[in-house]
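# Understanding the architecture of this molecule
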Amino acid sequence: MESSNPKVITCKAAVAWKEGESLKMEEIQVDPPKSSEIRIKMLFASLCHTDILFSNGFPVPLFPRVLGHEGVGMIESVGENVTKLKEGDIVMTLYLGECNECPNCKSGRSNLCHKYPMRLSGLMLDGTSRMSIRGGQILYHGFSCSTWSEYAVINANYAVKVDPQQVPLPHTSLLCCGFTTGYGAAWREVCIKMGSTVAVLGLGAVGLGVVEGARSQGAGKIIGVDINNLRRGKGEAFGTTDFINPKEHEASISDMIKGITGGLGVDYIFECTGIPSMLNEAIEASKMGIGTIVVIGAGNGTSREFNLIPLLCGRTMKGSIYGGMRIHSDLPALLHRCANKEIQMDELITHQVSFTEINQSFELLKDPHCLKIIIKF
């Protein structure tokens, strides 16, 4: 139901003015929701590596910009033609939609909807922004939404209603990107067979999601790779059977993984770091003839070089956005697992900051104990 004549709201937002600069807490204006849109009062958000990439101008420098794409909040107002959500509902913000009508949605094999795509332009579906500053200067959005603002507008299809009595809101925020991306990659992108061998390069939130997804699919051996020894325990909490710290060995990562797997390599390997050199390590560490490499991590730069011959020898390499998870068809199953406490989401949260202290979160990332940071409004 459409809200009764919502007005422009003035609120605080963390604004990125220039590439690589600290965020500035500013007063901005957030427009009322247009048709098929909702306006949300943010309750919790979190920091994702993609936000750091965006703040550094990846893949396109769009400034000034309000970042943040992981978050959960309460609907403050709704626009016309919103039928499944209402004021007061608690929703999580996603950067993909699902129409169930386009070729990709109908295929059941992709989460990249044609009607509600991932937005890299920093603008809404109609090509405009819902945020402005200093008398009308437009602010670019993060993806489909900007969660580092006290209020945010998003198309209703990109929002998923949640029950805070079932899943704690900080946990819900974490499911908007990182952890779900990894979990889905091991569940939706590939079909991990019982007893398979798996390797995960990078044990951040994405990598730990892969570990949990692989464990739930019955993987027999899950090798975690990270240069931070503190991630060994985190990996074990989610299901790793082996751990490699490349800094403690002279051998290459691929050779060490082969050493653990009888010289053959793994059935599935997930590259979660975004470090260019790790792509070839992943290819070499997978089994000749049947190995699958899933590329998840995005780093600086939009191109990669890889060795062709190992790939020609029967290996399969594929990319993944949000782990192939369809937000309306697949995400509810993961939320159900979280509600049943089948996944140790608390293991992911290491720090919490208030919204006004958001710049501290970038410093906290330098702490080797830091994994995920919750931002409380």
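Please refer to the structure placed before this passage.
## Details of the sheet that holds strand β2 (residues 24-30)
The strand order β4-β1-β2-β7-β8 describes an open sheet built from five strands, whose pairing is antiparallel. Two strands in the sheet have a free side with no partner beyond their single neighbour: β4 (65-66) and β8 (137-138).

## Let's talk about the nonpolar core
Membership of the largest hydrophobic core comes to 67 residues, with the highest contact counts inside it found for M92, W148, I192, F270 and L331. Broken down by element, this core gets its largest block of residues, five residues, from helix α10 (residues 331-339). Those residues in contact with L331, other than ones at most four positions away along the chain, are M92, L94, V160, L175, T180, Y322, M325 and R326. Of all hydrophobic cores here, the second largest spans 19 residues; its members include I40, V82, A156 and A159.

## Considerations on the sheet that holds strand β13 (residues 242-244)
Here six strands make up an open sheet; going across it, the order is β13-β12-β11-β14-β15-β16 and the pairing parallel. On the outer flanks of this sheet lie β13 and β16 (316-319), each paired with one strand and no other. Along the sheet, successive strands turn relative to each other by an average axial angle of 15°, direction set aside. Where strand β12 (residues 221-225) lies against β13, three bridges are found, and the strand directions are parallel. The partner of V225 across the bridge, within β13, is I244.

## Thoughts on the pattern of salt bridges
What the rule picks out here adds up to 18 salt bridges. For K34, the salt bridge is made with D126, and the minimal N-O distance between the two is 3.3 Å. With K34 in the loop between β2 and β3 (37-46) and D126 in the loop between α2 (103-107) and β7 (131-133), this pair connects stretches of sequence that are 92 residues apart. With a relative accessible area of 41%, K34 lands in the partly exposed category. Judged by relative accessible area, D126 falls into the partly exposed class, the value being 42%. Put simply, R337 and E342 hold a salt bridge, and the shortest N to O gap is 3.0 Å. You can call R337 buried: its relative accessible area is 14%. Judged by relative accessible area, which is 39%, E342 ranks as partly exposed.

## A short note on helix α5 (residues 205-216)
Owing to its 3.6 residues per turn, the α-helix aligns residues three or four sequence positions apart on the same side. Its 12 residues give α5 an end-to-end C-alpha distance of 16 Å, which sits within 8% of 16 Å, the value for a rise of 1.5 Å per residue. Most of α5 sits out of view: nine of its 12 residues are buried. Of all the residues in α5, the buried ones are A205, G207, L208, G209, V210, V211, E212, G213 and A214. Following α5 by one or two positions, G218 adopts a phi angle in the positive range, close to 90°.

## What about helix α8 (residues 276-285)?
Counting buried residues in α8 gives seven out of 10 residues, a clear majority hidden from the surface. Looking at α8, one finds that the buried residues are M278, L279, N280, E281, A282, I283 and A285. Next to the buried residues of α8 lie β11 (197-201), α7 (253-260), β14 (268-271), β15 (292-295), α9 (308-312) and β16.

## Let's talk about the packing of helix α4 (residues 178-189) against α10
As a packed pair, α4 and α10 sit with axes 12 Å apart at the nearest point and diverge in direction by 110°. By the angle class used here, α4 and α10 are roughly perpendicular. Seen from above, α4 lies across α10 with right-handed handedness. Judged by residue contacts, T180, Y183 and W187 of α4 engage L331, A333, L334 and R337 from α10. In terms of residue class, the contact of α4 with α10 is built from five nonpolar, one polar and one charged.

## Digging into unusual backbone geometry
Each neighbour pair has its own omega, and for F58 with P59 the value is -10°, a cis peptide bond. By the element assignment, P59 lies in the loop between α1 (49-55) and β4. Note that the residue after F63, namely P64, is joined by a cis bond; omega there is -5°. If you trace the backbone, P64 turns up in the loop between α1 and β4. With a phi close to 65°, N81 is a non-glycine residue in the positive phi region. Take N81: it is sitting in the loop between β5 (70-78) and β6 (90-93).

## As for a nonpolar patch on the surface
A cluster of nonpolar side chains, F306, L308, I309 and L312, forms an exposed patch at the surface whose accessible area comes to about 420 Å². Along the chain, I309 falls in helix α9.

About the criteria used
Residues numbered from 1 in each chain as written. Predicted model: local features only at pLDDT ≥ 70, side-chain atom pairs only at ≥ 80, totals over all residues. Heavy atoms only, no water. Pairing = 2+ DSSP bridges. Helix = DSSP H or I, 4+ residues; strand = E, 2+ residues; numbered from the N terminus. Core = buried A, V, L, I, M, F, W, Y, C linked by side-chain atoms within 4.5 Å. Buried < 20%, exposed > 50% of the residue type's maximum accessible area, 1.4 Å probe, protein only. Contact = heavy atoms within 4.5 Å. Axes fitted to C-alpha atoms, helices over the stretch in contact; angles between N-to-C directions. Salt bridge = Lys/Arg side-chain N within 4 Å of Asp/Glu carboxyl O. Expected span 1.5 Å × (residues − 1). Parallel < 35°, antiparallel > 145°, perpendicular 65-115°, else oblique. Left-handed = near helix turned anticlockwise from the far one by under 90°. Nonpolar A, V, L, I, M, F, W, Y, C, P; charged D, E, K, R; others polar. Patch = residues over 30% accessible without salt bridge, like charges linked within 9 Å, V, L, I, M, F, W, Y side chains within 5 Å. Areas by Shrake-Rupley, 256 points an atom, 1.4 Å probe, with all protein chains shown as cover.

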